[in-house]
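Understanding the architecture of this molecule
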Amino acid sequence: MSTATVPLESGALPDLLNPSGLGVSGLLDVAPGAGLDLPCRSGNNPDLWFADTPADLEQAKRLCVDCPVRSECLASALARQEPWGVWGGEIFERGSIVARKRPRGRPRKAGQEVAA
């Protein structure tokens, strides 16, 4: 995942609690320099937020719980209808939030037993 960089005038960090005019990509770029720990930027597995397995996506959601920019990340993903991945602690699929990602494969038919 790559984001745009935001040039900082006079070397000062912007007010992260009032990011007027600072998009989420800029916010994600400057937050680590301001001492904020962002799990998507500080972890050793950035692909976790775009994993295929439901278990990995649930782990990414758990890591987002304490993120200081979670609400801004979620709002931005909703605004741009993010096609997939975990953003702001929610799983996105085709531009919408889904509660849980289903595993690959065909679902079992209700009421039918598996032939031995």
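Up top is the structure.
Anyway, here's the lowdown on the structure attached to this text. Along every chain, residues carry numbers that run from 1 in the direction the sequence is written. Totals for whole chains, interfaces and linings use all residues, but because this is a predicted model, local features are given only for residues with pLDDT of at least 70 and pairs of side-chain atoms are given and counted only at 80 or more. Side-chain figures throughout are based on the complete set of non-hydrogen atoms in the structure, without hydrogens or water.

Counting its regular elements, the protein chain contains 4 helices and 3 strands. When the helices and strands of the protein chain are placed in sequence order, the string is α-α-α-α-β-β-β. Burial classification: accessible surface area is computed with a 1.4 Å probe over protein chains only, and a residue below 20% of its type maximum counts as buried, one above 50% as exposed, and the rest as partly exposed. Residues counted as buried form 28% of the 116 residues belonging to the protein chain. The contacts in the protein chain between residues at least 6 apart in sequence include a share of 39% that link residues at least 24 apart. Numbering of helices and strands starts at the N terminus; helices are DSSP runs of H or I of at least 4 residues and strands are runs of E of at least 2. The contact criterion used is simple: two residues touch if any of their non-hydrogen atoms lie within 4.5 Å.

Below, the discussion takes up the pattern of salt bridges. A pair is scored as a salt bridge if a Lys or Arg side-chain nitrogen falls within 4 Å of a carboxyl oxygen belonging to Asp or Glu. Counting across every chain of the model gives 3 salt bridges. For the salt bridge of Glu-58 with Lys-61, the shortest nitrogen-to-oxygen distance reads 3.8 Å. Of this pair, Glu-58 and Lys-61 are both found in helix H3 (residues 54-64), 3 residues apart, which corresponds to roughly one turn of the helix. Under the relative-accessibility criterion, Lys-61 is labelled buried at 14%. Notably, a salt bridge pairs Arg-94 with Glu-93, separated by 3.7 Å at the nearest N-O pair. For Arg-94, a relative accessible area of 74% translates into the label exposed.

Even without being glycine, Gln-81 reaches a positive phi, approximately 50°. Of note, Gln-81 is situated in the loop between helix H4 (70-79) and strand E1 (84-87).

This paragraph deals with the sheet that holds strand E2 (residues 90-93). In short, DSSP must find at least two bridges between two strands for them to pair. Taken together, 3 strands build an open sheet; the order of strands is E1-E2-E3 and the sheet is antiparallel. Every other strand in the sheet has two partners, leaving E1 and strand E3 (96-98) as the edge strands with one partner each. Strand-to-strand twist of the sheet, defined as the mean angle between neighbouring strand axes without regard to direction, takes the value 40°. In this analysis, axes come from line fits to C-alpha atoms, helices being fitted only over the stretch in contact, and the angle between any two N-to-C directions falls in the range 0 to 180 degrees. Across the sheet, H4 touches E1, E2 and E3, and the angle it forms with E2 is around 15°.

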